[in-house]
Amino acid sequence: METKTLVLTGASRGIGHATVKRFSAAGWRVITLSRQAFTDDCPWSAGAENHLQLDLGSTDAIEQGLKDLSKLLPEGKIHALVNNAGISPKKNGGGRIGVLDSDYQTWLSVFNVNVFGAALMARGLFHQLKAGGGTIINVTSIAGGRVHPFAGSAYAASKAALLGLTREMAHEFGPHGIRVNAISPGEIDTAILSAGTDDIIKNSVPLQRLGTPEEVAAVILFLCSSNAMYVNGAEIHINGGQHV
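Model, not experiment: these values are computed from the prediction.

**Q** Talk me through unusual backbone geometry; I want residue IDs and the actual numbers.
**A** The general pattern is negative phi for most residues beyond glycine and trans for most peptide bonds. One non-glycine residue, Gln-208, lies in the positive phi region at around 60 degrees. Its place among the elements puts Gln-208 in the loop between helix H6 (197–204) and helix H7 (213–223). With a relative accessible area of 47%, Gln-208 lands in the partly exposed category.

Shown next as structure tokens:
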């Protein structure tokens, strides 16, 4: 059987780590992209050979990264692209940054990584995705649909924009056999949790617990599988019912 290939941005921790492990266990080849160099904290086979250091906030870096990535794809096929990279600036002490505290550079850097980077990756890998009958998963956030106590205005707006981009890409790419969907995680047990999350779990999450990165990765794998071949343009909430 053909070995499937996943390209994953933002692979250095949390949901990215769990996604690499889940897909690797399922027999996929995973090519990771992140701002950091590959480290021993990423304990999967062939990790260093299948890793590219790439800053999605730079259009020049993306252009070069796509050229470097093509060298890792001798058959010219990708079966899945997961746009997981994202940044969420905070105040000193971890407080959220509102509109009044956000300068132009903040908006630009957040949208470059969280939205424009995803669009440019999808455009740059379109032919490889088409050849592989591939799918795209955009990782948005519950903050894209409601005011969140810890997510700043630029981050929240970028995640709402990414959901809109998902719909546009599902419409445009669908006729070429490429499905595009979004997942919207809520409170997930990662290293970037903010103080006060316990109150959100108690008051706003019906399941009364954090989600795990492994649970998010399992949904991503499902959306990339043959079991989801008619799912296109969807937003899957992974938040224990926090959105209801």
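**Q** Explain the packing of aromatic side chains residue by residue, including any values.
**A** Applying the stated criterion across every chain, the model contains four aromatic pairs. Judged by centre distance (4.9 Å) and plane angle (85 degrees), the rings of Phe-23 and Trp-28 are edge-to-face. Across the pair, Trp-28 and Phe-23 agree in class, each one buried. Seen in terms of ring centroids, Phe-111 and Phe-116 are 6.0 Å apart; in terms of plane orientation they differ by 50 degrees. Their pairing is tilted.

**Q** Describe in detail the layout of surface pockets, supporting the description with residues and values.
**A** The probe, sized like a water molecule, is rolled over the atoms to show the empty space still left. Counted as a void, the second largest pocket has a volume near 160 Å³. Its residues assigned to classes, the lining of the second largest pocket shows two nonpolar, eight polar and three charged.

The rules behind the values
- Think of each chain on its own: its residues are numbered from 1, step by step along the sequence as written.
- Residue-level local features of this predicted model are given only where pLDDT is at least 70; pairs of side-chain atoms are given and counted only at 80 or more, and the full residue set underlies all totals for whole chains, interfaces and linings.
- The side-chain numbers reported here are obtained from all heavy atoms of the structure, hydrogens and water having been left aside.
- Each helix is a run of DSSP H or I of at least 4 residues and each strand a run of E of at least 2, with the numbering of both proceeding from the N terminus.
- Each residue gets one of three labels from its accessible area relative to the maximum for its type: buried under 20%, exposed over 50%, partly exposed in between, using a 1.4 Å probe on protein chains only.
- Side-chain rings of Phe, Tyr and Trp (the six-membered ring for Trp) are treated as a pair once their centres are within 6.5 Å; stacked means planes under 30 degrees apart, edge-to-face means over 60, and tilted covers the remaining angles.
- Of the grid points, spaced at 1 Å and generated over the protein atoms alone, those admitting a 1.4 Å probe that cannot get out make up cavities, while open sets with protein on both sides within 12 Å along at least five of seven lines make up pockets; any residue with an atom within 4 Å of a point is treated as lining.
- Grid points are joined across faces, edges and corners, and a volume is the space filled by probe spheres set on the points.
- Under the scheme applied here, ten amino acids are nonpolar (Ala, Val, Leu, Ile, Met, Phe, Trp, Tyr, Cys and Pro), four are charged (Asp, Glu, Lys and Arg), and all others, including Gly, are polar.

None of this, on its own, says anything about what the molecule does.
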